[in-house]
Amino acid sequence: MNENLISAEDSAEMLALLANIEERTHSFLGYPVSKDFDYSPLQPFLQYPLNNLGDPFISSTYAVGSREMEKYVVKFFAELFRAQTDDWWGYVTNGGSEGNLYGLYLAREIYPKGMVYYSESTHYSVQKNIHLLNLPGIIIKSQPGGEIDYEDLEAAIRLNRHLPVIVLANIGTTMTEARDDVYQIKNILKKLAIRHHYIHADGALSGSYSAFITPRPAFDFEDGIDSIAISGHKFIGSPIPCGVVIAKKSHRDRIARSVAYIGTLDTTITGSRNGHSPLFLWYALKKMGINGLRARAEKSLETAAYAEARLNEIGIAAWRNTNAITVVFPAPSAKICQRFQLAVENGISHIICMPGVEKQQIDEFIAALTKEMVMV
Ligand SMILES: Cc1ncc(COP(=O)(O)O)c(C=O)c1O
């Protein structure tokens, strides 16, 4: 046996896993993950221990990494999110959850006595993040579509107006892809004369494409946010979960600490950082460009409109938030949920028309639902 290879038995196990992944990837419709990427030209990089240790903008003693690509990715999104020239910074994270942790960490360093406000539709990781950061938080009611209830937000802030305000705004909630309106949040802060405030935007799914929507939703730096997190494996697509966090540089400067061992600044949550993900994102952005991303968003919105209409046609009360690629409907049978990997919460389920989801796949889903309805 060649000592560089694994045994025939292990090899068979690996191939069986591959076949299973291929099959499960084709059928899923319920999670916000793009599957239409081809990163095969990047294969040679798997031979190397890429590690973007520490701050992406300051070179490290450890020089095997993809910092230049990471800086490109961060700048691309800083510009897309209309950050003020010379007051932006960011890095490629392990996903949206880490980006949210980072935004809330900056907020806490600026306002240690701050109160976090977030809607009941917020992703589960946020509650964990504020617990980790030992920050107090208030859960605000959501409107039926999942957007934050601004009256409840105002009432809660009014009761605690002696405390700095940290708002976590959802730019696409997990179940219904509702967007909280940063413009309305800013108005509440103005109305209550709150001087000390921080707004973090959780744009895990919709943050990546909200800039391409007309009318443009209020979600970015020009609208008044202090930081934003997106996931990279969702709208763009990546074989490894990843994300990007962008924050005002002035905020990041408050936590920067020089560490001799790594020869750079310790400004990120983890020290060692995946050097392959920035390369995937760089490659995708170079390949698609702004126009490619816009076309991607338009195609997903079109597929979502198609799915909503087809579901309504067969008598299912499906609906969508404005300009959302998530189609919501009453939870179908456990069998359908399992086959298409659909999440269920409080009796509702959804399909997410991510890039790579074709109308033919929607038709397969409709056919499966129709067959079940006929059998009942
Ligand atoms: C609204 C929202 N925030 C955060 C996350 C977490 O993102 P990630 O899975 O990239 O950590 C998700 C994931 O689905 C999400 O929907």
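These figures come from a predicted structure and were not determined experimentally. (Residues numbered from 1 in each chain as written. Predicted model: local features only at pLDDT ≥ 70, side-chain atom pairs only at ≥ 80, totals over all residues. Heavy atoms only, no water.)

What follows deals with the packing of aromatic side chains. Per the stated rule, a full pass over the model turns up 15 aromatic pairs. With a centroid separation of 5.7 Å and 35° between ring planes, the pair formed by Trp89 and Tyr102 is classed as tilted. Of this pair, Trp89 sits in strand β1 (residues 89–93) while Tyr102 sits in helix α3 (residues 96–110), and the two are 13 residues apart along the sequence. Neither Trp89 nor Tyr102 differs from the other in exposure class; each is buried. An angle of 40° between the planes, with centres 5.9 Å apart, marks the rings of Phe329 and Phe365 as tilted. In this pair, Phe329 sits in strand β10 (residues 326–330) while Phe365 sits in helix α10 (residues 359–375), placing the two residues 36 residues apart along the sequence. We classify Phe365 as buried; its relative accessible area is 0%. Taken together through their ring pairs, the aromatic side chains of Tyr72, Phe76, Phe77, Phe81 and Phe219 make up a single cluster. Sitting above the plane of the Phe28 ring, Lys35 keeps its charged end 4.5 Å from the centroid. Between the NZ or CZ atom of Arg296 and the centre of the ring of Phe235, over which it lies, the distance is 5.7 Å. (Phe/Tyr/Trp six-rings, centres within 6.5 Å; stacked < 30°, edge-to-face > 60°. Helix = DSSP H or I, 4+ residues; strand = E, 2+ residues; numbered from the N terminus. Buried < 20%, exposed > 50% of the residue type's maximum accessible area, 1.4 Å probe, protein only. Lys NZ or Arg CZ within 6 Å of the ring centre and 35° of its normal.)

Next up on the list: the sheet that holds strand β11 (residues 344–345). With antiparallel pairing, 3 strands are arranged side by side in an open sheet as β10-β12-β11. Of all the strands in the sheet, the pair left with one neighbour each is β10 and β11. Where helix α8 (residues 276–313) meets the sheet, it contacts β10 and β12 (348–352), and its direction lies at approximately 20° from that of β10. (Pairing = 2+ DSSP bridges. Contact = heavy atoms within 4.5 Å. Axes fitted to C-alpha atoms, helices over the stretch in contact; angles between N-to-C directions.)

Another point: the UniProt feature "modified residue: N6-(pyridoxal phosphate)lysine" (unreviewed entry) in the chain. In the numbering used here, UniProt assigns the feature "modified residue: N6-(pyridoxal phosphate)lysine" (unreviewed entry) to Lys234. Along the chain, Lys234 falls in the loop between β6 (227–231) and β7 (243–247). Of the residues examined, Lys234 reaches a relative accessible area of 16% and is grouped as buried. Setting aside its immediate chain neighbours within four residues, Lys234 contacts Pro32, Val33, Ser34, Ala204, Leu205 and Met354. A polar contact is formed between the side chain of Lys234 and the side chain of Ser231, at a distance of 3.0 Å. (UniProt positions renumbered as here; feature names shortened; annotations may be inferred. Polar contact = N/O pair within 3.5 Å; in protein donor to acceptor, adjacent residues only side chain to side chain.)

Another aspect to go through is the nonpolar core. Counting 80 residues, the largest nonpolar core has Phe77, Ile351 and Phe365 as the members making the most contacts within it. Structurally, this core is a two-domain feature, drawing no fewer than three residues from each of domain 1 (8–39 + 290–375) and domain 2 (44–286). Not counting residues up to four positions away in its chain, the partners in contact with Phe365 are Leu29, Leu311, Phe329, Ile336, Phe340, Leu342 and Ile351. Membership of the second largest hydrophobic core comes to 21 residues, among which are Tyr91, Leu101, Leu104 and Val126. (Core = buried A, V, L, I, M, F, W, Y, C linked by side-chain atoms within 4.5 Å. Domains from an automatic or database assignment.)

All residues in the neighbourhood of the ligand are listed as Gly95, Gly96, Ser97, Asn100, His123, Gly172, Thr174, Asp202, Ala204, Ser231, His233 and Lys234. Separating an oxygen atom of the ligand from a backbone N or O atom of Gly96 is a distance of 2.7 Å. If one sorts the elements of the shell around the ligand by residue count, α3 sits on top with 3 residues. Considering only residue class, the shell around the ligand consists of 1 nonpolar, 9 polar and 2 charged. (Near = heavy atom within 4 Å. Nonpolar A, V, L, I, M, F, W, Y, C, P; charged D, E, K, R; others polar.)

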